[in-house]
Amino acid sequence: MTASYRRTVLSLYTRVFRIARTWQAQSGVTSETETERKYILQEARALFRQNQQLTDQESIKRCIEECEARIEIGLHYRNPYPRATYLPPLGLATQKGRRLRTQQRLRKQAKPIYLESQDET
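This text gives an overview of the structure that appears in the document.

**Let's talk about the packing of aromatic side chains**
Tallying each qualifying case throughout the model produces three aromatic pairs. With a centroid separation of 4.8 Å and an interplanar angle of 75°, the aromatic rings of Tyr 13 and Phe 48 are classed as edge-to-face. Here the residue Tyr 13 occupies a position in helix H1 (residues 3–22), and Phe 48 occupies one in helix H2 (residues 30–50), the gap between them amounting to 35 residues. Given a relative accessible area of 26%, Tyr 13 falls into the partly exposed group. What makes Phe 48 partly exposed here is its relative accessible area of 21%. Between Tyr 39 and Tyr 81 the ring centres are 4.6 Å apart and the planes differ by 50°, which places this aromatic pair in the tilted class. One end of the pair, Tyr 39, is in helix H2; the other, Tyr 81, is in the loop between helix H3 (57–77) and helix H4 (98–110), with 42 residues separating them in the sequence. For Tyr 39, a relative accessible area of 19% translates into the label buried. An aromatic cluster is defined as three or more aromatic residues linked by ring pairs; in this entry it consists of Tyr 13, Phe 17 and Phe 48. Over the face of the ring belonging to Trp 23 we find Arg 78, whose NZ or CZ atom lies 4.3 Å from the ring centre.

Definitions and cut-offs
- Residues numbered from 1 in each chain as written.
- Predicted model: local features only at pLDDT ≥ 70, side-chain atom pairs only at ≥ 80, totals over all residues.
- Heavy atoms only, no water.
- Phe/Tyr/Trp six-rings, centres within 6.5 Å; stacked < 30°, edge-to-face > 60°.
- Helix = DSSP H or I, 4+ residues; strand = E, 2+ residues; numbered from the N terminus.
- Buried < 20%, exposed > 50% of the residue type's maximum accessible area, 1.4 Å probe, protein only.
- Lys NZ or Arg CZ within 6 Å of the ring centre and 35° of its normal.

The structure is reproduced here in structure tokens:
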């Protein structure tokens, strides 16, 4: 990892923890605020640890973009949880062959950047 990426990643990490420290739930309920703060901290720790071994510059850049997008979306909507995506179901393609591969490729391309780290559903 280059020094500039390292600096960027560390600043994002501290930014996420500052956001978690000052986070207020949209409803204003104290228990919900604490739950959402814990979620933010757990999610950040898990994702940063999961990606700490990355060495490919392109994958590091994608992770940084995903983190920035999730921060902005969370602050904008006042919701720390990932937003749902509405992708076409795989049930329309045949079970084998070119059509299935095409459908899978289209689903992968349609996945928003802020959900790259989420498991396939």
